[in-house]
Amino acid sequence: MVAKLPAQLHPFARPAAPVSTFVNIVSGQGATVFDDSGKSYVDALGSLWYCQIGHGRAEMADAIAAQCRRLAGFHTFDRFANLPAEALCEELVGLAPMEGARVFLTSGGSEAVETAIKLARMAQVRAGHPERTLVVSRRPSYHGVTYAAMSATGLPPNQEGWGPLLPDVVQVDKDDLDKLDVVLAEEGSRLAAILSEPVIGSGGVYPPPPGYLGALRQRCDRHGAYLILDEVICGFGRLGTWWGAQHYGVRPDVVTFAKGVTSGYQPVGGVLVGPAVREPLEAELGFVLRHGNTYSGHPAGCAAGLANLAIMRREGLVERAGQVGDRLSEGLRGLVDGSRVLEARGAGAVWALGFGPDLDAVAVRDAMLERGVIARPIGPPTMAFCPPLVITDAEMNHLIEATGAAIAAV
Ligand code: PLP
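First, a word on scope: everything that follows refers to the structure included in this document. (Residues numbered from 1 in each chain as written. Predicted model: local features only at pLDDT ≥ 70, side-chain atom pairs only at ≥ 80, totals over all residues. Heavy atoms only, no water.)

### A word on the sheet that holds strand β15 (residues 382–385)
At step 1: Pairing is antiparallel in the open sheet, where 4 strands are placed in the order β11-β12-β15-β14. Bordering the open sheet on either side are β11 (341–347) and β14 (376–378), each of which pairs with just one other strand. For this sheet the average axis-to-axis angle between neighbouring strands, irrespective of direction, equals 25°.
At step 2: Sheet contacts for helix α12 (residues 317–333): β11, β12 (350–355) and β15; angle to β12, the most-contacted strand, approximately 10°. (Pairing = 2+ DSSP bridges. Helix = DSSP H or I, 4+ residues; strand = E, 2+ residues; numbered from the N terminus. Axes fitted to C-alpha atoms, helices over the stretch in contact; angles between N-to-C directions. Contact = heavy atoms within 4.5 Å.)

### Focus on the environment of E284
At step 1: Locating E284 in the fold gives a position in the loop between α10 (275–282) and α11 (299–314).
At step 2: The exposure class assigned to E284 is partly exposed, which follows from its relative accessible area of 46%.
At step 3: For E284 and V273, which are 11 residues apart along the polypeptide, the C-alpha to C-alpha distance reads 17 Å. (Buried < 20%, exposed > 50% of the residue type's maximum accessible area, 1.4 Å probe, protein only.)

### Section: the packing of α12 against helix α14 (residues 393–409)
At step 1: For the pair α12 and α14, the least separation of the axes is 10 Å and the interaxial angle reads 25°. It follows from the interaxial angle that α12 and α14 lie roughly parallel. Here α12 runs over α14; the crossing is right-handed. For the pair α12 and α14, contact is made by V324, R327, L328, G331 and L332 and by M396, N397, L399 and I400, respectively. (Parallel < 35°, antiparallel > 145°, perpendicular 65-115°, else oblique. Left-handed = near helix turned anticlockwise from the far one by under 90°.)

Listed below in structure tokens is the structure:
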């Protein structure tokens, strides 16, 4: 008998996986979610690195419903605007890690990265440097799945089989400034932008070495290029500051965001566009920026963003990330044994266990699921943790115990 397949062709999944292998998540409360059999799980990755405020917030449902009753959707192309979109952008400008930013809104992170790369190239053109099309990013960063974002992603398996990638996008190894300088010595006059996550997330959870992001800033200044920080994971409090840029004390020209801007209650992303990029775009009154998504500035999405930021502020969740990270890292360090579990690495409230070659991260994930914890195996054998910032001590204890038990059982 042929196994039944789900109607949904799932992202980052085996297309041949039978329907019986999927876990149906039906509800959530705080840092815990429930499947259709009633089994509970600690959501140790905040769904996919995003659920800052936790699941099941009636206040979020109310804010979104209220906006939907007034106006669920209307576009913001050309001369159209709406109050939630402008209010959310104003708030984000106030939080931004650079002075004088404006905000371009998208529906998610890949579109945000796509937008950042396009804006960097277009700003170079408008500033009189059409030859500056080169974008340098890092291995093993993750920037998304659309063609520019995939081309900038430093994970070869994600790039194989999809045909030619975007030209003029190259990767250097994550912390290797010498390699970067070799590329820049040859190609610096064509450099449009350097793109980097503050902490590499899905590519394996690698914080930058001290001074590294500042060194990227310096290279951009030296070569007339823009520094784009992809804060899709690090933004919105994940590192104990609103942005990773602030945690590492670096001023970006462009910041991409998504995920935590609504804690996932609506699909929203965007780009903070600093003065060096916005000014060339604004210089000529008649210039039209021919770029945008149907849902850029979606009113119900932006209402979710506003309500999410209000909750984060009221509950001090940015500050709480430090406490979550302390407890999480301490617990994870206790699981390091030097052979099967080599290290705990991370920053703020995003951490990972790096496994040795004998420990299968997918098998550990499955054993953790049995024990009521959802984490994500990524990159080199690694288990990633990025829990909601409202996670309780009891949930955290369960997370650590179940992870240890799962490793022992595999
Ligand atoms: N950039 C980073 C750093 C991410 O972690 C992700 C997703 O995990 C993306 C971009 C892509 O975002 P999305 O999946 O919303 O398209």
